[in-house]
Amino acid sequence: HLDSAWLWRENDTRVKKIQQTFSKAAIYLNQFHNFTFTANATVHYQWVLEDNPGLFMRIKELVNQGKWEFVGGDYVEMDCNLPCGESLIRQRLIGQRFYLKNFGRISDIAWYDDVFGWPNTLPQILAKTGAKYMYTNKFCYSNESIAVVGEHFPFLHFLWQAPDKKSGIIVTWSQHKNNFNKQLKQFSQHSVQVKQTQNEQNVFDYRESWEQMKQRLNLDRNEIIPYLMNAYGIGDGGLGPRIGEILEQINWEWLNFVKNGTAKDMFELLEPYRKTLPVWRDELYLETHQGTLTSVGMIKENNATFETLMNITESLCVFES
């Protein structure tokens, strides 16, 4: 994850941050045989294609070798609360088309590392635009003192289902900044399967407390899903994984504590549990960042105005034709 514009301007990201982040990743992928790199946001790949075609060709080679993993499918990692459904669909359409044209396939992993909550309609949009899975780390910000369910978000892995009760994607999340040890404290309570399958009793939402949910879960230690994802590296405006972090993960693997791989490898481990995962049928509310829709209101206001004008313009064009 890298912010296209946050405490810096778009051009800083395009000229400095993306070029350095992707260049370093390409170098490290040649130096460390069991290191893989994952990056989202189609617009970042487009900027590299336009500004540094040689680097982009190297990225394509690494993708074909299975070392570089492109994820997301959205043109940019966007806010999912304020835009209308049509806007979210267009993000997916443009992003996935770029991946298909330049890498020969679309991404089946939605990647919302730094998004402040998601509407309950999003699983249907994701499923119908090629996604089977979704990753985030934002639930690690949930504050136990204000959480609706009394603790952090109750499930580490779950099937997020849209209101149509048909569209569903597997979701997993992890601590950010290589702090996965924090999740191990309550791992046995949150990485669980449901007691029965294909039953409305296994559907959960914010109307229940965590204690009520636990009564309907199988908390026997033999029924724990024994997987935890650790996505490491400096995001926002950093340069991705540093050499020290890569060596640390290699040492952990040498000691048989972790298995280095891609995000897709993780979701393939979760796929056999699809029918026994807790089903979440509600929005995904980010408790700590309550109401944090933007730090610059003018930008959101302009985006909403432009969105409305675009809808009107398209409608008028249809009437004219």
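All residue numbers refer to position in the chain's written sequence, counted from 1. In keeping with the predicted nature of the model, local features appear solely for residues at pLDDT of at least 70, side-chain atom pairs appear and are counted solely at 80 or more, and the whole-chain, interface and lining totals rest on all residues. Processing note: side-chain calculations cover all non-hydrogen atoms of the structure and skip hydrogens and water entirely.

Right, let's get into the pattern of salt bridges. The salt bridge definition used is simple: a Lys or Arg side-chain nitrogen within 4 Å of an Asp or Glu carboxyl oxygen. For the structure shown, the criterion picks out 16 salt bridges. Ionic pairing is found between Glu 86 and Arg 90, a salt bridge with its closest N-O pair at 2.6 Å. Remark: Arg 90 and Glu 86 occur in helix 4 (residues 85-103); sequence separation between them is 4 residues, near one turn of the helix. The class for Glu 86 is partly exposed, based on a relative accessible area of 34%. A salt bridge links Arg 90 to Glu 314; the nearest nitrogen and oxygen atoms lie 2.8 Å apart. Of the two residues, Arg 90 is situated in helix 4 and Glu 314 in helix 10 (residues 297-320); the sequence distance between them amounts to 224 residues. Residue classification places Arg 90 among the partly exposed positions, given a relative accessible area of 31%. One network of salt bridges, in which partners are shared, links Arg 14, Glu 50 and Asp 51. Elements are defined by DSSP. Helices are runs of H or I of four residues or more, strands are runs of E of two residues or more, and each kind is numbered from the N terminus. Between buried and exposed lies partly exposed: a residue is buried under 20% and exposed over 50% of the maximum accessible area for its type, with that area taken using a 1.4 Å probe on protein chains only.

So, on to the confidence of the model for the protein chain. What pLDDT expresses is the predictor's confidence in each residue, scored from 0 to 100. Scored by pLDDT, the protein chain has a mean of 88; 91% of the residues are at 70 or more. Every residue in residues 144-150 is under pLDDT 50, and counting partners more than four places away or in other chains gives 15 contacts. Residues are treated as being in contact if the distance between any of their heavy atoms lies within 4.5 Å.

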